[in-house]
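# Examination of the molecular architecture
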Amino acid sequence: MSPKITRIALTLAVSAMLVGAADAADSYSIDGAHSFVMFQVNHLGIGESYGRFNEMSGKIEVEGEAPKTIHFEINAESIDSANADRDKHLKSPDFFNVKQFPVIKFASKSVQKHGDHFEVAGDLSMLGVTKPISLKAYKTGEGKDPWGNYRTGWHSEFKVKRSDYGMNFMLDGLGDEVTVVVAVEGIKQ
């Protein structure tokens, strides 16, 4: 092979590697110990009831300053409303039916930058039903933690109608619209 062809081939190979490196997204595994899924729903038209799920996992891919993909899973059995009897009822077929549907999932399909936040379109799957939703994601920070890991933090608040997923029990006493807050920290892999 002539030196000129060798130089051209080497230049193309290095260019391809640089382009591939520039396009590579950083992958972060969601740290379940420092991530939270909380919810709020109206109770009897009088007050608000709150709860959370204690176990979640997932992955965030970040390209530059923007999330490229966001996927998370929530262990429905980990619901916690600070009342054991209510939690037992929430796990029943009246609400989350955790024996038949143990996982709630979100998978992003597209992410668009809008001012200080990102519009994330994706699918939320719960109780065997998958529906498209849109949420606003805000970057809350990034940096090294005391243990030498690199982290990224994200926050989102959105609303879902529980009846869209077949959760129709007591619609006259509990609000149909549920506010969900998801705050995650991811550890770079």
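This is a predicted model, so every value here is computed, not measured. (Residues numbered from 1 in each chain as written. Predicted model: local features only at pLDDT ≥ 70, side-chain atom pairs only at ≥ 80, totals over all residues. Heavy atoms only, no water.)

### Focus: the packing of aromatic side chains
Under the convention used in this document: We call Phe, Tyr and Trp rings a pair once their centres come within 6.5 Å, taking the six-membered ring for Trp, and we label the pair stacked below 30 degrees between planes, edge-to-face above 60, and tilted otherwise. Every helix listed is a DSSP run of H or I at least four residues long, and every strand listed is a run of E at least two residues long, numbered separately from the N terminus. For each residue, the accessible area found with a 1.4 Å probe, counting protein chains only, is set against the maximum for its type, and the residue is called buried under 20%, exposed over 50%, and partly exposed in between.
Tallied over the entire structure, the rule returns five aromatic pairs. On the basis of an interplanar angle of 25 degrees and a centroid distance of 5.4 Å, the ring pair of Phe72 and Phe106 is categorised as stacked. Taken as a pair, Phe72 in strand E5 (residues 66–75) and Phe106 in strand E7 (residues 103–114) lie far apart in primary sequence, 34 residues in all. The burial state of Phe72 is the same as that of Phe106; both residues are buried.

### Thoughts on the confidence of the model for the chain
As a reminder of what qualifies: Scored from 0 to 100, pLDDT records how confident the predictor is in each individual residue. Whether two residues are in contact is decided by their heavy atoms, any of which lying within 4.5 Å being enough.
Summing up the model confidence of the chain, the mean pLDDT is 90 and the portion of residues at 70 or higher is 88%. Within the chain, no element has a lower average pLDDT than helix H1 (residues 3–23), which sits at 44, and none a higher one than strand E6 (residues 79–80), at 98. In this model, residues 5–22 is a region of pLDDT below 50 whose contacts with residues beyond four sequence positions or in other chains number one contact.

### Section: the pairing of strand E3 (residues 47–53)
We apply this condition: A strand pair is defined by DSSP finding two or more bridges across the two strands.
Pairing between strand E2 (residues 36–43) and E3: seven bridges, direction antiparallel. Each bridged residue has a counterpart across the sheet, and for Val41 the counterpart in E3 is Ser49. Between the antiparallel neighbours E2 and E3 lie three residues, among them Leu44 with a positive phi of about 60 degrees.

### A short note on the side chain of Asp176
Keep this limit in mind: For this analysis, a polar contact is any N or O atom pair within 3.5 Å, provided that within protein one partner can donate a hydrogen and the other can accept it, and provided that sequence-adjacent residues contribute only side-chain to side-chain pairs.
Turning to its location among the elements, Asp176 is positioned in strand E11 (residues 174–188). Only 2.7 Å separates the side chain of Asp176 from the side chain of Ser163, close enough to count as a polar contact. Discounting residues that sit within four places of it in the chain, Asp176 has contacts with Val160, Lys161, Arg162, Ser163 and Leu171.

### A look at the pairing of E7
In terms of strand pairing, E5 meets E7 through five bridges, oriented antiparallel. Residue pairing in the sheet places Phe72 in a bridge with Phe106 of E7. The hairpin formed by E7 and strand E8 (residues 117–126) contains two residues between the paired strands, and Gly115 there has a positive phi angle of roughly 60 degrees.

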